[in-house]
Amino acid sequence: MERTFLMVKPDGVQRNLIGNIVQRFEAKGFKLVGAKLMSVSQELAEKHYGEHKDKPFFGELVDFITSGPVFAMVWEGENVIATARNMMGKTNPQEALPGTIRGDFGLTVGKNVIHGSDSKESAEREINLFFAPDELISYEKQDSAWIY
Ligand code: RTP
Ligand code: MG
């Protein structure tokens, strides 16, 4: 089963959106396999956003993601990587549709509430960056028979 890495960014934590965001993925039918409130170090931020290191906004991005606690999560389910990206909405909240997380809660691209892996490769990389193997729980859920 596919897994993805999702993270409520510091703005989402400060704005009390952790519960609302977790609720959306639970209600959709995905399974939470790991979660923690944590601080992102400078080193972890630079690794996580490595693909953007030559972009003009890289410094701001690292400063922002290290500015307060984040809520890091791993979710599992069929096609969870792409579906979670759809549920998040476009990167720029001005273009994100209502009903998506960024469409409902964001106004600016710099503070867009949530991060989600954009491919199988980035999901694997980001899960390993943020979670130790023993922090991820494999378990059966009774509702799966009603979802799949
Ligand atoms: P994320 O990685 O956070 O899930 O967002 P994303 O895939 O939708 O967007 P990505 O292209 O990976 O960009 C990472 C984050 O950088 C910030 N950004 N700022 N000032 C700008 O033009 C700009 N462009 C991107 C956003 O906060 C974006 O989420
Ligand atoms: Mg990205």
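Residues numbered from 1 in each chain as written. Chains lettered and ligands numbered in written order. Predicted model: local features only at pLDDT ≥ 70, side-chain atom pairs only at ≥ 80, totals over all residues. Heavy atoms only, no water.

The next point concerns the environment of Met73. Note on placement: Met73 falls in strand S3 (residues 70–76). Residue Met73 is classed as buried on the basis of its relative accessible area of 0%. As a C-alpha pair, Met73 and Asn128 span 55 residues in sequence and 12 Å in three-dimensional space. Not counting residues up to four positions away in its chain, the partners in contact with Met73 are Thr4, Phe5, Leu6, Met7, Val8, Ile21, Val22, Leu32, Gly34, Ala35 and Phe131. (Helix = DSSP H or I, 4+ residues; strand = E, 2+ residues; numbered from the N terminus. Buried < 20%, exposed > 50% of the residue type's maximum accessible area, 1.4 Å probe, protein only. Contact = heavy atoms within 4.5 Å.)

Looking at the secondary structure, you find Arg102 in helix H6 (residues 101–105). Buried within the structure, Arg102 lacks any salt-bridge partner; its nearest side chain of opposite charge belongs to Asp11, at an N-O separation of 8.3 Å. Beyond its immediate sequence surroundings of up to four residues, Arg102 is in contact with Lys9, Met88, Gly89, Lys90, Thr91, Pro93, Ala96, Asn112, Ile114 and His115. (Lys, Arg positive; Asp, Glu negative; His and termini not counted. Salt bridge = Lys/Arg side-chain N within 4 Å of Asp/Glu carboxyl O.)

With that settled, the discussion passes to the UniProt feature "binding site: ATP" (unreviewed entry) in the protein. Per the UniProt entry, the sites bearing "binding site: ATP" (unreviewed entry) are Lys9, Phe57, Arg85, Thr91, Arg102 and Asn112 in this numbering. Considering the arrangement of structural elements, one finds Arg85 in helix H5 (residues 80–88). Not counting the four nearest positions on each side in its chain, Arg85 is found in contact with Gly116, Ser117 and Asp118. Setting aside residues up to four positions removed in sequence, Asn112 forms contacts with Lys9, Asp11, Thr91, Pro93 and Arg102. (UniProt positions renumbered as here; feature names shortened; annotations may be inferred.)

Our focus in this paragraph is the sheet that holds S3. If you walk across this open sheet you meet the four strands as S2-S3-S1-S4, and the pairing is antiparallel. The open sheet terminates on both sides in strands that have one partner only, identified here as strand S2 (31–38) and strand S4 (114–116). Within the sheet, the average angular offset between the axes of one strand and its neighbour, ignoring direction, is 15 degrees. Two strands pair when backbone bridges link them, and strand S1 (residues 3–8) and S4 are joined in this way by three bridges, in the antiparallel orientation. By the bridge assignment, Val8 is partnered in S4 with Ile114. Seen against the sheet, helix H2 (residues 18–28) touches S1, S2, S3 and S4 and runs at an angle of roughly 5 degrees to S3. (Pairing = 2+ DSSP bridges. Axes fitted to C-alpha atoms, helices over the stretch in contact; angles between N-to-C directions.)

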